[in-house]
Amino acid sequence: MLKNWSRKSNNLVHHFNIDTAGTHTCQVYSGNGTLEILADRIRIYNQKKVLLLIDENVDKLYGRKITEILLSEGFDPAVHKIPSGETSKSAGKWLEAVDFCFESGVNRKTPLVAVGGGVTGDLAGYVAASVMRGIPLVQVPTTLLAMVDSSLGGKTGINHHTGKNLIGAFYQPDTIISDIIFLETLPAREWRCGMAEIIKYGAIADPDLFTLAARFKLGFSDPAKLMELITRCARIKAAIVAEDELEAGRRAWLNYGHTFAHALEALTGYRRFSHGEAVYIGMVAAHKLSNLLGAKLDEFPLFQFLDSYRLSVADLKPRIHELVAKMFLDKKSLNNTVRVVLLHRYGHPRIVDITDLSLLEKAWDFALDTCN
Ligand code: ADP
Ligand code: ZN
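A quick note: this is a predicted structure, and the numbers were derived from the prediction, not measured.

1. Section: empty space enclosed by the protein
Part 1 of the reasoning: Taken as a whole and judged by the stated rule, the model has two cavities of 30 Å³ or more.
Part 2 of the reasoning: In this structure, the largest cavity is lined by Gly116, Gly117, Gly118, Gly121, Asp122, Gln139, Pro141, Ala146, Ser150, Ser151 and Lys155.
Part 3 of the reasoning: Elements represented by at least two residues in the lining of the largest cavity include exactly helix H4 (118-130), strand S6 (137-141) and helix H5 (144-150).
Part 4 of the reasoning: Partitioning the lining of the largest cavity into residue classes produces two nonpolar, seven polar and two charged.
Part 5 of the reasoning: Size it by volume and the second largest cavity reaches roughly 40 Å³.
Part 6 of the reasoning: Gln139, Ser150, Ser151, Leu152, Gly154, Lys155, Thr156, Tyr171 and Pro173 together form the lining of the second largest cavity.

2. Some points on helix H6 (residues 188-204)
Part 1 of the reasoning: In this model H6 runs 25 Å from its N-terminal to its C-terminal C-alpha over 17 residues, within 8% of the 24 Å that 1.5 Å per residue would give.
Part 2 of the reasoning: Most of H6 sits inside the fold, with 13 of its 17 residues counted as buried.

3. Things to note about the side chain of Gln304
Part 1 of the reasoning: For Gln304, the location among the structural elements is in the loop between helix H11 (300-303) and helix H12 (320-329).
Part 2 of the reasoning: Within the local environment of Gln304, its side chain forms a polar contact with the backbone oxygen of Pro301, the two atoms lying 3.0 Å apart.
Part 3 of the reasoning: With residues near it in sequence (within four places) discarded, Gln304 still touches Phe210, Ala214 and Lys217.

4. Overview of the site of ligand 1
Part 1 of the reasoning: The environment of ligand 1 is made up of 17 residues, and the closest members are Asp55, Gly118, Thr142, Thr143 and Thr185.
Part 2 of the reasoning: Between ligand 1 and Asp55, the relevant distance is 2.7 Å, taken from an oxygen atom to a side-chain nitrogen or oxygen of the residue.
Part 3 of the reasoning: A distance of 2.7 Å separates a nitrogen atom of ligand 1 from a polar atom in the side chain of Thr185.
Part 4 of the reasoning: Within the complex, the protein chains bury 87% of what would otherwise be the 570 Å² of accessible surface of ligand 1.
Part 5 of the reasoning: Mapped by element, the contributors of at least two residues to the shell around ligand 1 are helix H2 (56-72) and H4.
Part 6 of the reasoning: No other element matches H2, which puts four residues into the shell around ligand 1.
Part 7 of the reasoning: Class assignment for the residues of the shell around ligand 1 results in eight nonpolar, seven polar and two charged.

5. A closer look at the coordination of the zinc ion (ligand 2)
Part 1 of the reasoning: Distances from the zinc ion (ligand 2) to its protein donors, Glu197 (OE), His258 (NE2) and His275 (NE2), fall at 2.0 to 2.1 Å.
Part 2 of the reasoning: Expressed as a motif, the donor residue spacing for the zinc ion (ligand 2) is E-x60-H-x16-H. Separated by 61 residues along the polypeptide, Glu197 in helix H6 and His258 in helix H9 (residues 258-267) bring together distant segments of the chain. Exposure class is identical for Glu197 and His258. Each is buried.

6. Remarks on the packing of H9 against helix H13 (residues 357-370)
Part 1 of the reasoning: Here H9 crosses H13 at 75 degrees, and the two axes come no closer than 12 Å. When the axis of H9 is compared with that of H13, the two are roughly perpendicular. Contact with H9, carried on its side by Phe260, Ala263 and Leu264, involves Leu360, Ala363 and Trp364 of H13 and no other residues of that element.
Part 2 of the reasoning: Partitioning the contact of H9 with H13 into residue classes produces six nonpolar, no polar and no charged.

7. Considerations on the domain arrangement of the chain
Part 1 of the reasoning: Looking at the assigned domains, one finds that the chain contains domain 1 (13-186) and domain 2 (250-370).
Part 2 of the reasoning: On a C-alpha basis, the centres of domain 1 and domain 2 stand 31 Å from each other.
Part 3 of the reasoning: Facing five residues of domain 1, the contacting portion of domain 2 comprises four residues.
Part 4 of the reasoning: Of the roughly 430 Å² buried where domain 1 meets domain 2, counting both sides, 51% is carbon and sulfur surface.
Part 5 of the reasoning: Inspection of the region where domain 1 meets domain 2 yields zero salt bridges.
Part 6 of the reasoning: Our enumeration of links across domain 1 and domain 2 arrives at one residue pair in polar contact (both at pLDDT 80 or more).
Part 7 of the reasoning: Residues belonging to the side of domain 1 that touches domain 2 are distributed by class as follows: two nonpolar, one polar and two charged.

The rules behind these values
Residues numbered from 1 in each chain as written. Chains lettered and ligands numbered in written order. Predicted model: local features only at pLDDT ≥ 70, side-chain atom pairs only at ≥ 80, totals over all residues. Heavy atoms only, no water. 1 Å grid on protein atoms, 1.4 Å probe; cavity = no way out; pocket = protein on both sides within 12 Å on 5 of 7 lines; lining within 4 Å. Points joined across faces, edges and corners; volume = space filled by probe spheres on them. Helix = DSSP H or I, 4+ residues; strand = E, 2+ residues; numbered from the N terminus. Nonpolar A, V, L, I, M, F, W, Y, C, P; charged D, E, K, R; others polar. Expected span 1.5 Å × (residues − 1). Buried < 20%, exposed > 50% of the residue type's maximum accessible area, 1.4 Å probe, protein only. Polar contact = N/O pair within 3.5 Å; in protein donor to acceptor, adjacent residues only side chain to side chain. Contact = heavy atoms within 4.5 Å. Near = heavy atom within 4 Å. Areas by Shrake-Rupley, 256 points an atom, 1.4 Å probe, with all protein chains shown as cover. Donors = N, O, S within 2.8 Å, 3.2 Å for Na, K, Ca; no water. Axes fitted to C-alpha atoms, helices over the stretch in contact; angles between N-to-C directions. Parallel < 35°, antiparallel > 145°, perpendicular 65-115°, else oblique. Domains from an automatic or database assignment. Buried area = accessible area lost by both parts, 1.4 Å probe. Salt bridge = Lys/Arg side-chain N within 4 Å of Asp/Glu carboxyl O.

Okay, structure coming up:
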């Protein structure tokens, strides 16, 4: 499985820049065997020391290989493992990682490499943003979700006990290296989690992606096509982020399905559904709401993925009013309205402020019936 990393396979690499507000250029590499670029990308800092923050499961599978690559290229890697799971996005884990950086002799040019999924990326990104007011950051996402979504855009941060992602900073990595080799070991549930965000890009930006994504309903296969899928999604996110780094306008489109999803996740204590599961149900609700407001969206593009997201949710139907109430608490909702992203048609999103609660209730009712 790891043999590709010792073979030069640059012909399989897609490379593009994200120019975030013209202030910072982030280079994104995605492909099969892309990790071999890591050493070249961190050599630009002229440092021997490299700080590696790595998810503990990813470390078991790939840690030795990554350290060997760095050692063989003359670097001196210092490794800090991050326990898997959302609880690592805490002030305590942030401080432990900051301590690790200083104990390893960090200076302003020492690169920090984050290897893992969204949790590792968010925590490590915030560590890089805060140590000495910012040290170079390289993201090596190892989950589908992180490759197409969370590693791009510069949102970093941790949770506060009163809510998720309440502490953080916008901080752009210099390089993002997505290597699909990692995805061969990704658990099925994590795969579905990333697929939901991929389906989202189909809905808001590129309906052709639905057909391509459908080939990957069941998991890892066809590396060349998978690479194309990931690269197309990453480009969509990159283009939106480059245009709207601080989330004033179009970046909100990326929240398609998410106002619903956040309510569902919050109501169920963030334990019952993975983020992607909640996002899929949220997209079904947003689809219904779009149609209630006059769109004529076909069901097939979105609903062809339903089999992966049938989640026995009937018990939530009596709690629809609680879900609606949670939507009002979303940090993107203002003044007694709920701000949602809806579709005119696939590929054409719009932002709508909803005041009529009964519309939200109907959308929930439909989504909970459909995803049951
Ligand atoms: P996300 O990217 O969805 O936010 P996390 O960072 O929480 O996800 O990672 C999801 C889970 O997948 C964690 O348990 C993590 O240890 C595991 N994981 C991450 N990357 C891989 C991989 N390439 N192979 C196997 N497991 C992985
Ligand atoms: Zn999301």
